[in-house]
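Each chain is listed here by its residues.
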Amino acid sequence: MKRFFLIMIIGMVMGISAFSKIDINLSHLEFLKDSFNIEGKYYTGYWIYADKTAGAYKHAPAVSEGVTCVDDVARAAVLYTDLYRQENKPLYMQRAREALEFVLAMQDSDGDFYNFIDENGTINRTGITSRKSKSWWAARAFWSIANGMDIFKGTDNQFYDKLSMAAKSSCDVLRSALDKGFLINGYTDVSSVFLLGLVKYYQNTSDEKTLELAQSIGKAIIDKQLDESAYKGVYNESNSGFAWHSWGSRQAQALADLYTVCGKEEYIASAKKYADNWLEVLLSLGPVYEVKDYFALYPQIAYGAEAAVSSCSSIFHATGEERYGYLAALFAGFFFRNNTLSVPMYGKNGEGYDGLHSVYINSNAGAESTISALLTLMQIKSLDEKFHRFINAKVIGASKTILMEAEKFDAGISSFDIDNSGNVRLASKEKLVIKSSVPLEKDVYDVYMLGSVQASDVAVKTYLGENIQETVLKRGSAIYRLAHDISYSSGKVTLSFTPSNGYVYVDQILFVPQMHRFVIELDGEFFLFSGGRMVSTDYVLSAQSSKAYTDKFTVKTFENKGHINVDLSEVFNNDGIVDFKNRREGNFDNPEGVFGAKYSQEEIEKKNAEGYILSGTVPFFIQTTTKDNVVCTGQELLFEKPVYAKYMYIAGSCDHGSYESKLTVQYEDKNSSEFNLKFSDWCQEPIYGESTLLNGIYRYTSLGIKENINPKIFIQKIELSSKGTERIYLPKSPTMHIFAITFSY
């Protein structure tokens with residue numbers, strides 16, 4: 001846990017000394033733009049995907065769906081329409097019109113929309129994500145049309161009339177999809193997109209029936225807002241049970257916009273409840289993918305971050321309250337460094353990357369992600385300038401929500417099973433005691449369990465350091481509160497579960513502070529964001545926690561057939577090779593879970609001779625028992641004595657893509673060399689010119705099933721200085737794995 005001393009400058013609100021230029025770079029979006037055949041006539045649309053291969057982007061379709069779609073082109077129409085309002089550039093009006101013409105071409109005579117176009121120019125009329133369904137793409141199309149109408153009024157009345165007719169027929173078809181509760185099929189998320197369009201349509205037409213319908217939908221959305229537990233403020237997005245997704249969650253945005261046209265407090269009060277409660281949980285955890293029976297933290301996507309930013313921006317414009325301007329900027333920071341990896345999710349050419357995972361990013365950059373990133377920046381640009389610089393800020397500490405997987409706790413001698421039917425859960429019909437050091441700050445917390453009680457009841461004791469609370473959980477599957485307003489000062493967290501006549505399933509543990517307090521770092525300055533205020537503060541890390549920490553190992557070497565092998569057994573931290581008997585164990589490629597795919601030990605032992613595998617004349621010692629590879633996190637390897645060699649051969653591979661990262665070699669004279677270590681994805685052909693040490697014919701899946709994919713281990717060769725090698729620093733790239741290192745004279 002980071003320890004810090006926080007001194008608030010009482011009453012002194014932070015002053016802004018510099019502003020960040022908002023860079024809305026349209027280059028990659030222009031790369032995605034293309035001319036598409038829609039059943040004999042060409043329209044401007046945007047490729048759905050752009051896959052990155054060997055450093056370059058290539059257009060890609062959505063397999064079995066199409067090459068471009070209404071969903072993405074409607075997003076582009078909203079982006080360019082709003083950019084035109086901001087800057088009045090003719091190019092933006094042109095791009096808005098092109099996108100809207102595409103959307104109109106996908107509207108059928110009944111007012112509903114198809115979504116995808118096949119590569120041959122045929123409309124996909126039958127696919128579940130494309131056929132007419134009075135749902136997402138129809139709602140987004142309606143929003144884009146209603147949003148774009150006014151910029152053509154007076155400048156191109158013919159096109160305005162065309163949009164007006166399309167908006168009316170689209171509105172009518174979506175109205176017909178409303179259930180008795182005024183939601184589209186009972187869902188608040190897609191209904192909120194319809195509501196965004198209705199607000200714009202009313203602003204264009206002043207039709208009171210449209211406003212009346214909008215308010216009915218607004219009230220229906222509010223009726224599904226939760227007011228309890230850790231989900232306070234959340235809009236339930238399921239029509240049965242509970243569900244919430246970061247993507248598409250525009251309820252607060254739509255309600256804030258509705259408030260601006262009708263002035264009724266209930267709408268803005270609901271939007272603020274969402275932002276004041278749930279969005280502060282998300283600022284702690286990131287724009288989590290979804291929450292159902294458990295929190296699915298990853299992938300965190302641009303669409304989810306943008307929905308949070310747009311919601312905060314709309315609330316700010318409706319109220320003028322600064323907290324929402326700061327919240328918008330901090331969520332926009334997801335695209336720069338305010339994310340779990342502290343890496344950019346917005347490229348130098350305006351790419352919006354497709355997803356952030358716990359240890360890597362998906363650097364493909366399709367239309368949805370790219371347009372979401374650009375919509376985010378457009379929203380920030382609409383705010384007062386004093387908020388702009390905070391897109392470059394990073395939340396670094398203080399009291400925030402913390403989520404922990406139950407299997408990461410120490411269960412000691414407790415007896416339990418692993419339930420892998422969904423998210424991994426601990427299952428026990430006996431007393432289960434789990435404990436862990438949790439990075440909590442001194443504060444007051446509510447503690448929750450996500451899981452299931454399939455017993456008469458479960459007696460629970462929650463220990464936060466020296467403080468204890470007890471409760472009893474009843475049968476069901478839900479989020480359970482284990483402790484309320486329990487103080488924490490120091491020590492481990494211990495949870496005791498005693499089920500009666502059945503099982504308890506413990507999935508995740510959630511710690512929510514009484515009040516969120518975020519310490520923000522920006523350009524060497526520190527701020528405290530809490531209760532809606534951003535104030536300057538002094539923030540001092542303790543000497544221990546402020547030191548850069550690197551795992552350090554002293555490693556042995558041994559001569560082998562005229563080469564020098566390195567013994568990495570003490571450094572290995574991953575079990576990526578298993579035999580048939582243990583094929584359900586091991587996890588090479590799933591850092592977010594307990595089990596993952598892995599190499600076959602049998603395949604490796606086919607190549608193994610006398611305890612090593614030869615590549616030419618170079619021997620590699622590949623360990624196949626217990627831990628067998630190093631996940632690279634910047635480890636320092638100090639050799640017992642300097643190694644004098646001309647070459648260093650490294651055997652390794654990457655998971656979830658091909659990566660390159662810096663490796664540093666320090667010589668005995670204290671000089672050092674830096675090398676760009678590159679490894680291809682373990683299940684692909686080499687793209688960096690590596691040689692191949694192992695080319696297997698199958699791997700084991702996370703369920704232990706043989707999968708006919710060819711997993712590989714590659715070799716990279718590095719030429720060294722004539723000075724003795726004293727130590728090496730491995731890359732900081734957790735998707736990169738090293739199996740063996742061999743030196744050669």
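How each quantity is defined
- Residues numbered from 1 in each chain as written.
- Predicted model: local features only at pLDDT ≥ 70, side-chain atom pairs only at ≥ 80, totals over all residues.
- Heavy atoms only, no water.
- Helix = DSSP H or I, 4+ residues; strand = E, 2+ residues; numbered from the N terminus.
- Rg over C-alpha atoms; globule rule 2.2 N^0.38 Å.
- Buried < 20%, exposed > 50% of the residue type's maximum accessible area, 1.4 Å probe, protein only.
- Contact = heavy atoms within 4.5 Å.
- Lys, Arg positive; Asp, Glu negative; His and termini not counted.
- Charge placed at Lys NZ, Arg CZ, Asp CG, Glu CD.
- Salt bridge = Lys/Arg side-chain N within 4 Å of Asp/Glu carboxyl O.
- Axes fitted to C-alpha atoms, helices over the stretch in contact; angles between N-to-C directions.
- Parallel < 35°, antiparallel > 145°, perpendicular 65-115°, else oblique.
- Left-handed = near helix turned anticlockwise from the far one by under 90°.
- Nonpolar A, V, L, I, M, F, W, Y, C, P; charged D, E, K, R; others polar.
- Pairing = 2+ DSSP bridges.
- Expected span 1.5 Å × (residues − 1).
- Phe/Tyr/Trp six-rings, centres within 6.5 Å; stacked < 30°, edge-to-face > 60°.
- Lys NZ or Arg CZ within 6 Å of the ring centre and 35° of its normal.
- Core = buried A, V, L, I, M, F, W, Y, C linked by side-chain atoms within 4.5 Å.

(A) Examining the overall build of the protein more closely. Each helix and strand in the protein was counted, giving 14 helices and 41 strands. A compact globule built from 745 residues would reach a C-alpha radius of gyration of about 27 Å, and the protein, at 28 Å, matches this within 12%. By its C-alpha atoms, the protein is 85 × 65 × 55 Å across when sized along the principal axes. In the protein, buried positions account for 57% of the 745 residues. Taking all contacts inside the protein whose residues are at least 6 apart in sequence as the whole, residues at least 24 apart take part in 69%. Computed over 76 positive and 90 negative side-chain charges, the separation of the two mean positions in the protein equals 1 Å.

(B) Spotlight on the pattern of salt bridges. Per the stated rule, a full pass over the model turns up 32 salt bridges. Two residues, arginine 389 and glutamate 525, come together in a salt bridge whose shortest N-O distance is 2.9 Å. You can see arginine 389 sitting in the loop between α12 (367-381) and β13 (394-397) and its partner glutamate 525 sitting in strand β23 (residues 525-530), a full 136 residues away along the chain. Glutamate 525 sits in the partly exposed class, given a relative accessible area of 29%. Overlapping salt bridges bring together Glu636, Lys670, Glu726 and Arg727 as one network.

(C) Representation of the packing of helix α2 (residues 70-87) against helix α4 (residues 136-152) within the structure. In the contact formed by α2 and α4, the axes pass within 9 Å of each other and the chain directions differ by 25°. Relative to α4, the element α2 is oriented roughly parallel. α2 and α4 meet at a crossing whose hand is left-handed. Judged by residue contacts, Val70, Asp71, Ala74, Arg75, Ala77, Val78, Thr81, Asp82, Tyr84 and Arg85 of α2 engage Trp136, Trp137, Arg140, Ala141, Trp143, Ser144, Asn147, Gly148, Asp150 and Ile151 from α4. The residue inventory of the contact of α2 with α4, partitioned by class, reads 10 nonpolar, four polar and six charged.

(D) Local environment of the sheet that holds strand β8 (residues 244-245). A sheet is described by the order of its strands in space; here three strands give the open sequence β8-β9-β10, paired in antiparallel fashion. In this open sheet, the two strands that pair with only one neighbour each are β8 and β10 (295-296). Across two bridges, strand β9 (residues 290-291) lies against β10 in antiparallel orientation. Within the sheet, the bridge partner assigned to valine 291 lies in β10 and is phenylalanine 295.

(E) Main features of helix α10 (residues 302-319). Over its 18 residues, α10 extends 26 Å from the first C-alpha to the last, a length consistent with the 26 Å expected when each residue adds 1.5 Å. Within α10, 16 of the 18 residues are buried, which leaves the element mostly enclosed by the surrounding structure. One or two positions beyond α10, positive phi appears at glycine 320, with a value near 75°.

(F) Broad picture of the packing of aromatic side chains. The final tally for this structure, using the stated rule, is 30 aromatic pairs. Seen from their ring centres, phenylalanine 142 and tyrosine 201 are 5.9 Å apart, and the 65° between their planes marks the pair as edge-to-face. Here tyrosine 201 lies in helix α6 (residues 188-205) and phenylalanine 142 lies in helix α4, a separation of 59 residues in the sequence. Overall, phenylalanine 142 belongs to the buried group, its relative accessible area being 0%. Residue tyrosine 201 is classed as buried on the basis of its relative accessible area of 9%. Centre to centre, the rings of phenylalanine 390 and phenylalanine 527 are 5.3 Å apart; their planes meet at 65°, and the pair counts as edge-to-face. Taken as a pair, phenylalanine 390 in the loop between α12 and β13 and phenylalanine 527 in strand β23 lie far apart in primary sequence, 137 residues in all. Residue classification places phenylalanine 390 among the buried positions, given a relative accessible area of 0%. Here a set of aromatic residues connected by ring pairs shows up, and it is made of Phe316, Tyr326, Phe387, Phe390, Phe527 and Phe529. Here arginine 125 stacks its cationic end above the ring of tyrosine 114, 5.2 Å away from the centre of that ring. For the cation-ring pair, arginine 583 lies above phenylalanine 580, with the distance from its terminal atom to the ring centre recorded as 4.0 Å.

(G) Here's a closer look at the nonpolar core. In this structure, Phe194, Trp278 and Phe295 are the most contacted members of the largest nonpolar core, which totals 155 residues. When residues in this core are grouped by element, the largest group, 12 residues, is from α4. In contact with phenylalanine 194, not counting residues within four places along its chain, are Ala139, Phe142, Cys171, Leu174, Arg175, Leu178, Ile184, Leu213 and Ile217. Leu568, Phe572, Leu663 and Met736 belong to the second-largest nonpolar core, a separate cluster that totals 32 residues.

(H) Focus on α2. Over its 18 residues, α2 runs 25 Å from end to end, which matches the ideal 26 Å to within 8%, given 1.5 Å per residue. Of all the 18 residues making up α2, 15 are buried; the element is thus mostly covered by neighbouring parts of the structure. In the segment just after α2, asparagine 88 is the residue with positive phi, at about 60°.

(I) Summary view of the environment of glutamate 65. Mapped onto the elements of the fold, glutamate 65 is located in the loop between β5 (56-60) and β6 (68-69). Those residues within four positions of glutamate 65 in sequence are excluded, and the remaining contacts are Phe116, Asp118, Asn124 and Thr129.

(J) Local environment of the pairing of strand β39 (residues 712-719). Summarising burial for β39: six of the eight residues are buried, a large majority. Bridge analysis of strand β33 (residues 647-654) against β39 gives six bridges, and the strand direction is antiparallel. Paired with methionine 648 across the two strands is isoleucine 718, which belongs to β39. Sheet topology note: the strand β36 (residues 691-695)/β39 ladder contains four bridges and is antiparallel. Each bridged residue has a counterpart across the sheet, and for threonine 692 the counterpart in β39 is phenylalanine 714.

(K) Quick look at the side chain of threonine 494. Tracing the sequence through the fold places threonine 494 in strand β20 (residues 493-500). On the basis of relative accessibility, which here comes to 16%, the residue threonine 494 falls in the buried class. Every residue in contact with threonine 494, bar those within four places of it in the chain, is listed here: Val433, Ile434, Lys435, Lys461, Thr462 and Tyr463.

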